[in-house]
2 protein chains.
Amino acid sequence: MAEALRIGIAGLGTVGASVVRCMTEKEAELTRQCGREMALTAVSARDRNRDRGIALGNAQWFDDPVELARTAEIDVFVELVGGSDGAALAAVKAALHAGRHVVTANKALLSKHGVELAGIAEEKGVLLNYEASVAGGIPVIKTMREALAGNTVSRVFGIMNGTANYILTRMEDEGLSFVDCLAEAQRLGYAEADPTFDIEGHDTAHKLSILTSLAFGCRISADDIYMEGISNITQADIRAAAELGYRIKLLGVAQRTDSGIEQRVHPTMVPTHSVIAQVHGVTNAVAIETDILGELLLSGPGAGGNATASAVIGDIADIAKSRPGFQHGPVFGRPAKKLAPYKKARMRAHAGGYFIRMTVHDRAGVFAAIAKRMANNDISLESIVQHADGGLPSEQKNVILVTHETTEAAVRKAVDGVMQDGHLVDKPQVIRIERAT
Amino acid sequence: MAEALRIGIAGLGTVGASVVRCMTEKEAELTRQCGREMALTAVSARDRNRDRGIALGNAQWFDDPVELARTAEIDVFVELVGGSDGAALAAVKAALHAGRHVVTANKALLSKHGVELAGIAEEKGVLLNYEASVAGGIPVIKTMREALAGNTVSRVFGIMNGTANYILTRMEDEGLSFVDCLAEAQRLGYAEADPTFDIEGHDTAHKLSILTSLAFGCRISADDIYMEGISNITQADIRAAAELGYRIKLLGVAQRTDSGIEQRVHPTMVPTHSVIAQVHGVTNAVAIETDILGELLLSGPGAGGNATASAVIGDIADIAKSRPGFQHGPVFGRPAKKLAPYKKARMRAHAGGYFIRMTVHDRAGVFAAIAKRMANNDISLESIVQHADGGLPSEQKNVILVTHETTEAAVRKAVDGVMQDGHLVDKPQVIRIERAT
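These numbers were taken from a predicted model, which means no experiment stands behind them. (Residues numbered from 1 in each chain as written. Chains lettered and ligands numbered in written order. Predicted model: local features only at pLDDT ≥ 70, side-chain atom pairs only at ≥ 80, totals over all residues. Heavy atoms only, no water.)

Colleague: Please explain the UniProt feature "binding site: NADP(+)" (unreviewed entry) in chain A as it appears in this structure.
Modeller: Residues and elements named next belong to chain A. Using the residue numbers shown here, the UniProt feature "binding site: NADP(+)" (unreviewed entry) corresponds to Ala10, Gly11, Leu12, Gly13, Thr14, Val15, Gly16 and Ala17. By secondary structure assignment, the location of Thr14 is in helix α1 (residues 14-25). Overall, Thr14 belongs to the exposed group, its relative accessible area being 61%. When you line up the elements, Gly16 lands in helix α1. The contacts of Gly16, once residues within four sequence positions are left out, are Gly11 and Leu80. (UniProt positions renumbered as here; feature names shortened; annotations may be inferred. Helix = DSSP H or I, 4+ residues; strand = E, 2+ residues; numbered from the N terminus. Buried < 20%, exposed > 50% of the residue type's maximum accessible area, 1.4 Å probe, protein only. Contact = heavy atoms within 4.5 Å.)

Set out below in structure tokens:
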């Protein structure tokens, strides 16, 4: 049998502790699968004395993760420190420069420095694996990087934030407000005290930026992502969506268009009977559309210590199965030096269907005025629903439009026009519709 | 750049032609991804003169696939001949013995000879890749073999036959009979002239046997699979299922139980709101339940030239990225020599919920007699529905029971008892219920 693979883990929080626990419990099976032992030889974390309920054996302790990354006693450096810069970045760079393979679960780090780190890894001939950084335990990186070789991706989209999906699921199931569902999610530990990062789409955007690079062979560009969160989604939207055969999900979508690559994170209407519409609660799902294969969908646990640990261990096992001198494929599907510059598509050029919900004063001519604004902007309508909503005063009505494919620019212009006409009680709600099977 | 990977393809039917076409069209991208060229250097097929609309370039022609498998001019032998024995088996063995990597899409071959072939591949230090053999383009082999390292699988199940799923979907959507939907599927080319292999579960069983080995580290045992097809599913079943919140799918299920491993293929009730229930038409899906990760579901195109070619090309690319001296993980997750004997669980010990539909003579005491038979076998009922079915004479009624978890043995005994009581118009329909999220 080959020599043991020596592993150093920096960061022993929930994920780090799960990785150590699972590797200990599955030692024999992992050895059988990989043809060599996985030995935890070094660890680093903030507090040396904390009881984490895990067996660290004879692993050497490092107070500084950068020192751990540099030690000659490890073959693989597992970065579970977190954060886009600071210790995580310094340690990963140190490990790569020292010729160590790296496994990381750090989406923030990769979305900011991924291309640079990939360049170092490829130059040094070591692996940089990051399955856990996107959609937790779902093997979307492996699928895109390996299984879909030769496929040209046209679109990748998914539910990549469990907190937001949990809140939307509860709003739909229980008829509760966004605020109540958020409070519940916080009570259950599914949402942070400051939930901005999850519910406003930042977390999804980080993950999407990584998938975009893999999908389109371009440099990562997380700053160019159009972003809308779910905090202004109301029960009126959820009910209207259901009535029209849709469900609302916070999606990250990356799509190749004639004018460039769209990257967007926003609440999205997906058909009720699509597979992705059945992805409930904290579960994640990613769909990939390609020319050769067609549409592939992967769903599963997107977060949590064990699900993330599963992906980290899969990444380590891939390294254990490799041998010295082995060259894997490039980190982001094509060599870092050959990743194309990111060419951003203008959001105003986005083409698709739209759901527009307006609360109007119930008086003669309102409907005609709205219809005229749509027609003037070449927007044709798939359905129009008008009804009294339980929550509205009797002199107000909800008008809901679903458009055929049109452009973002046309919708914005039409909606501005309707607002100028003075028939609206408040700002209209505009939600993009996404094709899904 | 490394030397080109020399590829020999035996079999130029729909899949073989797709592989050649896609490799030609994506040559530059594949080279970028793999760091070396993929060169088609040899082919073999039945008819040398047939126009397949593909460019074979300078590839050497072999009339005999075994000769092709043995030539020193290839590094990888791609077997797309088909069949569990004969030329396919001889050629794959010849290639492995000659030290060539092998890629195959042949489920019949693997379900019969997989363990033996894995043993040869491992002894020779070459790769045997077979992603396309199960669920077409869905990367379920890669996921189970690589991504889920360290996970202990408790259950794997899926829709693995597009023909059967197409027929069930049409029966549900259009209210047509099985016979009419089968005829339509044949007209559209989704079903063979002799559809037995697809609709009676044999095809699903072949695929399931491969997943079972990967899931549980045991030898492949396709002959031990319990099998029921879909040809006796009626509109009455489909309607009753819908009424009770279920959909009927032909599933292959492999599950670890206290008494051994269950492998079964049969029509199954899955909850209408589960993700797998939304997998319509010819689409396939596989769900994997593990201890560390939880439940993962993959869905996508399960057949067709391009989807299968996508998996074949992914397998070739994995070989292209490897280098001489590189040892991959074992073919079936653990070394062939260490695969455990298959320990079959008795079908009568199967535990689960059951749907039982009986057409009864509408007279006093029938209900009481049925209820007594159930109670005598310790079967408790989750729901009971009795109604007049449009298709039945007025003196007959449909009685539908959904049981709580019970055993196959108890259900068979209870149903035998009900039949002896003489109240039934014909044989009861018994369909197992499968948990799915």
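Colleague: Honestly, the state of the cysteines in this entry has me stumped. Any pointers?
Modeller: Each disulfide consists of one covalent bond between the sulfur atoms belonging to two cysteines. Enumeration according to the criterion identifies zero disulfides over all chains in this entry. Cys22 of chain B takes part in no disulfide bond, and the closest cysteine sulfur to it belongs to Cys34 of chain B, at a distance of 14 Å. For Cys22 of chain B, a relative accessible area of 6% puts it in the buried group. Of all cysteine sulfurs, the one in Cys34 of chain A lies closest to Cys218 of chain B, which takes part in no disulfide; the gap is 19 Å. A residue is classified by how much of its surface remains accessible, and Cys218 of chain B, at 1% relative accessible area, is buried. (Disulfide = S-S within 2.5 Å.)

Colleague: Help me out: how do you make sense of helix α14 (residues 408-421) of chain B in this one?
Modeller: Counting along an α-helix, one turn takes 3.6 residues, and residues three or four places apart therefore face a common direction. All names here are of chain B. Here α14 contains 14 residues, and its C-alpha end-to-end distance of 20 Å stays within 8% of the 20 Å for a straight helix at 1.5 Å per residue. Listed as buried for α14 are Glu408, Ala410, Val411, Ala414, Val415, Gly417 and Val418. Where the residues of α14 are buried, they touch β8 (226-227), β13 (351-361), α13 (366-376), β16 (406-407) and β17 (429-433). Positive phi shows up at Gly422, right after α14, with a value of about 80°. (Expected span 1.5 Å × (residues − 1).)

Colleague: Any chance you could explain the side chain of Ser299 of chain B here in plain terms?
Modeller: The topology assignment puts Ser299 of chain B in strand β12 (residues 295-301). Judged by its relative accessible area of 5%, Ser299 of chain B falls in the buried class. Those residues in contact with Ser299 of chain B, other than ones at most four positions away along the chain, are Glu295, Leu296 and Leu297 of chain A together with Ile138, Val279, Asn284 and Ala285 of chain B.

Colleague: Help me understand the pattern of salt bridges, please; the structure alone is not making it clear to me.
Modeller: If the charged atoms of two oppositely charged side chains come close together, the side chains can form a pair. Within the structure shown, the criterion is met by 54 salt bridges over all chains. Of the charged contacts in the structure, one is a salt bridge between Lys93 of chain B and Glu116 of chain B, with a shortest N-O distance of 2.9 Å. You can see Lys93 of chain B sitting in helix α4 (residues 86-97) and its partner Glu116 of chain B sitting in helix α5 (residues 107-124), a full 23 residues away along the chain. Within this structure, Lys142, Glu146 and Asp318 of chain A together with Lys142, Glu146 and Asp318 of chain B form a network of salt bridges that share partners. (Salt bridge = Lys/Arg side-chain N within 4 Å of Asp/Glu carboxyl O.)

Colleague: Explain the UniProt feature "active site" (unreviewed entry) in chain A to me, please; I cannot follow it from the model alone.
Modeller: Within this numbering scheme, the UniProt entry marks Lys207 of chain A as carrying the feature "active site" (unreviewed entry). Among all residues touching Lys207 of chain A, those that are not within four sequence positions of it are Lys107, Ser133, Val134, Ala135 and Met160 of chain A.

Colleague: Help me understand the relation of the copies chain B and chain A in this model?
Modeller: Here the second copy of the chain follows from the first by a rotation about an axis and a shift along it. With an RMSD of 0.0 Å, the operation that places chain B on chain A is a rotation of 180° combined with a shift of 0.0 Å along the axis. Given the turn and translation reported, the copies of this chain are related as if by a two-fold rotation axis. When each C-alpha of chain B is compared by its distance to the rotation axis, Leu298 of chain B comes out closest, at 2.3 Å. Of the residues that chain B buries at the interface, 98% are likewise interface residues in chain A, meaning the two copies contact each other through the same surface. (Least-squares fit on C-alpha atoms with pLDDT ≥ 70 in both.)

Colleague: Please clarify how the nonpolar core should be interpreted in this entry.
Modeller: The nonpolar side chains of a soluble globular protein tend to be buried with one another. Core analysis: the biggest nonpolar cluster contains 171 residues, and Phe77 and Val140 of chain A together with Phe77 and Val140 of chain B have the highest contact counts within it. When near neighbours in sequence (up to four residues on either side) are disregarded, Val140 of chain B contacts Glu131, Val134, Ala135, Leu211, Val286, Ile288 and Leu298 of chain B. (Core = buried A, V, L, I, M, F, W, Y, C linked by side-chain atoms within 4.5 Å.)

Colleague: Help me understand the domain arrangement of chain A, please; the structure alone is not making it clear to me.
Modeller: Where interface size is given, it is often the accessible area lost as the parts come together that is meant. If you check the domain split of chain A, you get domain 1 (5-134 + 305-330), domain 2 (142-301) and domain 3 (348-433). Summarising the inter-unit geometry, the C-alpha centres of domain 1 of chain A and domain 3 of chain A are found 51 Å apart. (Domains from an automatic or database assignment.)

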